[in-house]
Structures are given as structure tokens and as C-alpha cells.
Amino acid sequence: MKHWTLFGCGALGGVMAGLLAQAGHQVSLLRTFPPQQVPQEVKHPLLLSWWDLEGQHHEFNPDFLQTKDAANISLLLVTTKVYQVQVAMEPLIGQLPEATPILLLHNGMGTEAWVKRAFPANPLLIGITSNGALRLSAEEFRHTGSGETWFGAGNAAGNDWRGVVDVLAQALPHAAWSDEIRMKQWEKLVINAIINPLTALSGETNGSLLTRQEEVEALCHELMPLLQREGFNLPEEAWVSRVMAVAAATASNYSSMQQDLVAGRPTEIDYITGYILREAQPLGLHMPLHQQLYDAISHRSPIASGISNFSI
Ligand code: PAF
């Protein structure tokens, strides 16, 4: 059994913490902001409640670690929202032992380069997951959909940590190592760039897209020149069927962006559609449909102001 330190206890972090604790692992939650900035809603000692996929209720008491405890962190699983990664991790620079692997698990892309610069010696693992999770309150979470979790090496040292994914697999419905994590990241990026803004704007579940296949097709079509330039040679229909398959598998779930907009939280749009538009721009590729989604969501999302939005 391992000692996992989780950084970020939103919907996904809460469910991951619950699954790991349930599998007998030691789970600590890390917070790097000063005590006066701990959100009022968080009580201590903390009792986390979560419901598994069968509706069974579980509770556990994680302990809290602070920046001063960084030397005791042996495995760091970062589950903050993508836009919180840098602000949350900055206090750990020079504090986290160089041998401690960092596992990044969030929707969206664009944090890896900063983490590599800030923690050049630490083994880095990049992950994606399609597990559905819901945050009911600061201490209550629900696992809403079984999904796959994949990790791959983010740097050469990360390769030596393949075995840690087998340990995760004891706790998660499906977790495995991938030597093609970049491809998996892009697949997830495309899925999130289509499902998330469409459902966030309509306020409907992911399953609502099953009757909107033409819109999904048009959005995939617009992405094709970029995907080809990125070196992916899957045909357009394969991208469409991947998006539709996730919409079907998570039909009764609300996407994370839909949940964020409803709760008045910042969204990940800058690291999903924004990332895609930033990659496309220097290549002279125009994406009016994705630009429209980006504008509509950005217009409705509060600005991410970092630390004050950082769950637990
Ligand atoms: O962001 C999300 O909600 C999820 O990544 C996914 C796979 C779209 C399911 O809702």
C-alpha cells in the first residue's frame, strides 16, 4: 500500500481520494495556501463522504499536509483544475523531494511545460481519465461514471514509475500505462472540446449530444487539419465515433464544464478550446465554430483568480 498525497480535492480529487482510501491506501490532502485563506466551508478535522458507483456510502478522514511537510510527500497526485496547477504548485518549488513523482491528472492541456521547468528533476507522469465525478459539497463526492484512466511518461524519469499505475489499478475501475499518452491526451482534448462546451451552453447531460451528431461532425471536421498537423492520421469518422461513444457512455452525466458554469466556478475553456485555438493560430488554421464556443463560454465563465478558487 502506498501513501498518496492528493493535491486538489474537487469532484475528481474527492472521488480519487475515496477510491484510494477504500483500497487501503493512506491518503493525505495537500494545501499550499496560508491558513487564513482556507475556504470557510472547510471544517477540521475533515471527514470526507463519498458514494461509489453502486450508491454505497463511504467515509474517511484524510490528513492534511502543508508546504512545510513537502519532504514527506512520496507520491504527488495533482487533481486540481488545470488553471490552478501553477498557482497551487509554486510554493512546492525547491521543497518537494526531487525523487517524488508528480502525477498530473486534469482535463485540458498546457501545464506540462511549466511543471517540467519548475520541477526539472522530478519524475513526471501525465494522466487522463474519463471517470465521472460530482462534487456535492466541499466534503461530499459521488462517483458518477466508470471510466478509463491512463498514465504515461511526461519525462524520461517518469518511465521508471510505470509500476505505480498497477497500484492505482487496484483502486480505480480501469487504470493502465500508455506509451502513447500524447495521443490519449489529444483524444481526450477533442472529446472535452466538443462535449463540454456544447453541454455547458445547453445545460443538458452528455447524452443530449446523441441527437446532435451533425454538430459533433462539424466540430470534428474543423479540427481535422490541426489533428493531421499534430501527426494523427485517424480518419474523421473515427474522431466522431470516439466523441459519440463517450457521450453515450456518460449519457446521464453532466460534463465538468456544465457543472462549473452552474456553480459559478471558472471553467477549463482556456486549456481546452483555448489550447486548440492557440495551437491552430500559428499554423494559419481557422476554426470559427470552436472560436464561437470559446467566446460563448468565456463570456459566461468567471475569471480564474487562482488560489481563492482552489478546492480544499
Ligand atoms: O469533463 C468531463 O466531464 C469528462 O471529461 C467527460 C469525459 C466529458 C465526461 O463528462
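Residues numbered from 1 in each chain as written. Predicted model: local features only at pLDDT ≥ 70, side-chain atom pairs only at ≥ 80, totals over all residues. Heavy atoms only, no water.

Can you explain the sheet that holds strand β11 (residues 149-153)? Please cite residues and give values.
With respect to topology, eight strands assemble into an open sheet ordered β5-β2-β1-β6-β7-β8-β11-β12, the strand pairing being mixed. Bordering the open sheet on either side are β5 (63-65) and β12 (175-177), each of which pairs with just one other strand. Looking at each pair of strands side by side, their axes are set apart by 30° on average, direction ignored. Here three bridges tie strand β2 (residues 26-30) to β5, and the two strands are oriented parallel to one another. By the bridge assignment for β5, Ser28 is matched with Asp63. Strands in contact with helix α1 (residues 11-22) are β1 (3-7), β2, β6 (76-78), β7 (102-105), β8 (124-129) and β11; relative to β1, the strand with the most contacts, it is inclined by about 170°. Along the sheet, helix α5 (residues 181-202) makes contact with β8 and β11, crossing β8 at roughly 35°. (Pairing = 2+ DSSP bridges. Helix = DSSP H or I, 4+ residues; strand = E, 2+ residues; numbered from the N terminus. Axes fitted to C-alpha atoms, helices over the stretch in contact; angles between N-to-C directions. Contact = heavy atoms within 4.5 Å.)

Outline the site of the ligand, supporting the account with residue identities and numerical values.
In the vicinity of the ligand, the residues found are Asn107, Lys188, Asn192, Asn196, Asn206, Val246, Ser255 and Ser256. Between the ligand and Asn107 there is a distance of 2.7 Å, counted from an oxygen atom to a side-chain nitrogen or oxygen. In the model, an oxygen atom of the ligand is placed 3.0 Å from a nitrogen or oxygen of the Asn196 side chain. Bound to the protein, the ligand loses 94% of the 280 Å² it would expose on its own. Here the shell around the ligand takes three residues from α5, the largest share from any one element. For the shell around the ligand, a count of residues per class yields one nonpolar, six polar and one charged. (Near = heavy atom within 4 Å. Polar contact = N/O pair within 3.5 Å; in protein donor to acceptor, adjacent residues only side chain to side chain. Areas by Shrake-Rupley, 256 points an atom, 1.4 Å probe, with all protein chains shown as cover. Nonpolar A, V, L, I, M, F, W, Y, C, P; charged D, E, K, R; others polar.)

Please give an account of the pairing of β7 that cites residues and values.
In β7, alternate side chains face the same way, and those of Ile102 and Leu104 on one face and Leu103 and Leu105 on the other are all buried. Bridge count for β6 against β7 is three bridges, and the pairing is parallel. The partner of Leu77 across the bridge, within β7, is Leu103. As judged from the four bridges shared by β7 and β8, these two strands associate in the parallel manner. Following the sheet pairing, Leu105 is matched in β8 by Gly127. The β-α-β motif built from β7, the intervening helix α3 (residues 112-118) and the parallel element β8 has right-handed crossover chirality. (Buried < 20%, exposed > 50% of the residue type's maximum accessible area, 1.4 Å probe, protein only. Right-handed = clockwise from strand over helix to strand, strands pointing away.)

I'd like a rundown of the pattern of salt bridges, residues and numbers included.
Summed over all chains, the structure comprises nine salt bridges. Between Glu187 and Arg242 there is a salt bridge whose closest N-O contact spans 2.6 Å. Remark: Arg242 occurs in helix α7 (residues 236-249) and Glu187 occurs in helix α5; sequence separation between them is 55 residues. Classification of Glu187 as buried rests on a relative accessible area of 18%. (Salt bridge = Lys/Arg side-chain N within 4 Å of Asp/Glu carboxyl O.)

An account of the packing of helix α6 (residues 213-229) against α7 is requested, with residue identities and associated values reported.
Between α6 and α7, whose axes approach to 9 Å, the crossing angle comes to 130°. Our classification of the angle between α6 and α7 gives oblique. The chirality of how α6 crosses α7 is right-handed. Where α6 approaches α7, its residues Gln213, Val216, Glu217, Cys220, His221, Met224 and Leu227 are matched on the opposing element by Glu236, Trp239, Val240, Val243 and Met244. A per-class count over the contact of α6 with α7 returns eight nonpolar, two polar and two charged. (Parallel < 35°, antiparallel > 145°, perpendicular 65-115°, else oblique. Left-handed = near helix turned anticlockwise from the far one by under 90°.)

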